[in-house]
Amino acid sequence: MKIRIIDIAKKAGVSAGTVDRVIHQRGRYSEKSKVKVEKAIQDLGYAPDIMARNLALKKELHIVCLIPNPSDTKYWERPFAGIESAMTELASFKVKIETILYLPRKENFKTACDQVLQLNPDGVVYVPMFFEESSRFAKLLHNNSIPFVHINIQHSEINPLSFVGQDPIAAGRTAASLCHLALKKNNNILIAYISKETQEYSHLHDRINGFMEYFENIKFNPSHIYHLDIKISNDESEYDKQLIRFLQNKGNIQIIYVPNSRAYKIASILKKHHRKDIVVIGFDTLRENICYMHEGYINIIIGQQSKSQGFNAVMLLFNSLFRKEKTNPLNLLPVNILNAENIDFYEGLMS
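These figures come from a predicted structure and were not determined experimentally. (Residues numbered from 1 in each chain as written. Predicted model: local features only at pLDDT ≥ 70, side-chain atom pairs only at ≥ 80, totals over all residues. Heavy atoms only, no water.)

(A) A look at the sheet that holds strand β5 (residues 162-165). Taken together, the 6 strands give an open sheet; going across it, the order is β2-β1-β3-β4-β5-β11, and neighbouring strands pair in parallel fashion. In this open sheet, the two edge strands, each paired with only one partner strand, are β2 (95-102) and β11 (330-332). Within this sheet the neighbouring strands show an average axis-to-axis angle of 15°, counted without direction. Pairing of strand β3 (residues 123-126) with strand β4 (residues 148-151) involves 3 bridges; the strand directions are parallel. Its bridge partner being in β4, Val125 is matched across the sheet by Val149. (Pairing = 2+ DSSP bridges. Helix = DSSP H or I, 4+ residues; strand = E, 2+ residues; numbered from the N terminus. Axes fitted to C-alpha atoms, helices over the stretch in contact; angles between N-to-C directions.)

(B) Expanded view of the confidence of the model for the protein chain. Of the residues in the protein chain, 89% reach a pLDDT of 70 or more, and the chain-wide mean stands at 87. Predicted confidence in the protein chain is weakest over helix α4 (residues 50-56), with a mean pLDDT of 59, and strongest over β3, with 98. (pLDDT = per-residue confidence, 0-100.)

(C) View of the nonpolar core. Formed by 77 residues in total, the largest nonpolar core has its most connected members in Leu66, Tyr126, Leu190, Leu243, Ile256, Ile266 and Leu270. Here the element with the most residues in this core is helix α13 (residues 306-321); it accounts for 7 residues. Core analysis: the second largest hydrophobic core is formed by 19 residues, Leu178, Leu183, Tyr214 and Tyr257 among them. (Core = buried A, V, L, I, M, F, W, Y, C linked by side-chain atoms within 4.5 Å. Buried < 20%, exposed > 50% of the residue type's maximum accessible area, 1.4 Å probe, protein only.)

(D) Focus on helix α9 (residues 202-216). Given a rise of 1.5 Å per residue, 15 residues ought to cover 21 Å, and the 21 Å separating the end C-alpha atoms of α9 matches this to within 8%. Listed in full, the buried residues belonging to α9 are His203, Leu204, Arg207, Ile208, Gly210, Phe211, Tyr214 and Phe215. Projected down its long axis, α9 carries its buried residues within an arc of 155°, all on one side. Structurally, α9 contributes buried residues whose contacts are with α8 (168-182), β6 (188-195), β7 (225-231), β8 (253-257) and β9 (279-283). (Expected span 1.5 Å × (residues − 1). Arc of directions from axis to C-beta. Contact = heavy atoms within 4.5 Å.)

(E) Highlighting the environment of Ile6. Within the secondary structure, Ile6 sits in helix α1 (residues 5-12). By relative accessible area, Ile6 is classed as exposed at 51%. C-alpha of Ile6 to C-alpha of Val19: the two residues are 13 residues apart in sequence and 8.2 Å apart in space.

(F) Local environment of the packing of helix α10 (residues 237-250) against helix α11 (residues 263-272). Look at α10 against α11: their axes get within 10 Å of each other, and the N-to-C directions meet at 70°. In terms of axis orientation, α10 runs roughly perpendicular to α11. Viewed along their axes, α10 and α11 form a crossing whose handedness is right-handed. Across the interface between the two elements, Tyr239, Asp240, Leu243, Ile244 and Leu247 of α10 pack against Lys265, Ile266, Ile269, Leu270 and Lys272 of α11. Residue composition of the contact of α10 with α11, by class: 7 nonpolar, no polar and 3 charged. (Parallel < 35°, antiparallel > 145°, perpendicular 65-115°, else oblique. Left-handed = near helix turned anticlockwise from the far one by under 90°. Nonpolar A, V, L, I, M, F, W, Y, C, P; charged D, E, K, R; others polar.)

(G) Summary view of the sheet that holds strand β12 (residues 336-338). Pairing is mixed in the open sheet, where 6 strands are placed in the order β7-β6-β8-β9-β10-β12. At either margin of the open sheet sits one strand with a lone partner, and together these are β7 and β12. Direction aside, the axes of adjacent strands within the sheet are offset by 20° on average. As judged from the 7 bridges shared by β6 and β7, these two strands associate in the parallel manner. Within β7, the residue paired with Tyr193 across the bridge is Asp229. The sheet contacts of α8 involve β6, β8, β9, β10 (300-303) and β12, and relative to β8 the element is tilted by about 160°.

(H) Examining the packing of aromatic side chains more closely. Scanning all chains against the criterion turns up 14 aromatic pairs. With 4.8 Å between their ring centres and 80° between their planes, Tyr75 and Trp76 make a pair best called edge-to-face. Ring centres 5.2 Å apart and planes at 65° place the aromatic pair Phe93 and Phe318 in the edge-to-face group. Placement of the pair is Phe93 in the loop between α5 (77-89) and β2 and Phe318 in helix α13, with a sequence separation of 225 residues. In this pair, the class of Phe93 matches that of Phe318, namely buried. In this arrangement the basic side chain of Lys276 is found over the ring face of Tyr297, its NZ or CZ atom lying 5.2 Å from the centre. (Phe/Tyr/Trp six-rings, centres within 6.5 Å; stacked < 30°, edge-to-face > 60°. Lys NZ or Arg CZ within 6 Å of the ring centre and 35° of its normal.)

Spelled out as structure tokens, the structure:
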């Protein structure tokens, strides 16, 4: 039997108007009336009609997604695809989902943030790539009562409505445990970090810290864990010189751990020098990473369910704004361990 508002009003001992105001969180009502109505709703098993609520909206909800441009960094293709899937999912609702892309540089990010604020949206999904600039943006969003969800990079101190992504410390420990399985005694590990800017992103530091933490907590340790920070330049031969010189000078490097999506750059150098003797572990199912995995120059890829990050963040924000659902502040997605035998069946593949 369909539960009507009048049925709830009768059970709660209040007017139908009060029930309507409590359900839609508008107008004035007392806390005592709210408690009565909520209890009656629970007792009767009432579920509000979502489409009726959609029709009752006085204005279209506006959600803005602010993410790095996939044309600059291919990793962002999948979160962007997830956002597009959420658009399709919500096409029948009164909601406009807009995407603003920016180059992952501080000044570009600041400009994009200002653009979002000018739109005055009802909610925002964004990647807090640069901490100081993200904190400034978050403060302005809070001041304007605009809820926001973070994806990929977690900064709980900024107080987002929620975070959707992986635990980077746990991801680093996962990578270390895989290295542990492959590692022989008296051999060494190289952590090769390839970056575009002097700015280091916190989640990548956390992946390294989690990696180091794992080996600190077990009895079996590699002889050495070395670090090599390679800055990207226009002259790619410089990568080659730095890495090969390092491998020659240190010796006994059995495993290279790449804590970001650029394992393919390491693999391209190893291929050039016919070095299949080194195990390479990296992140993200970029096409280039997959190609080098099939050729045997990348052994393990850790997938982040990056498409799900974009999709889940938009749906979570929509459900909070539209359905008034309570939001879990931490929505952690598991990582996926991929090798040449299962990579072709992974739904998170980047075409």
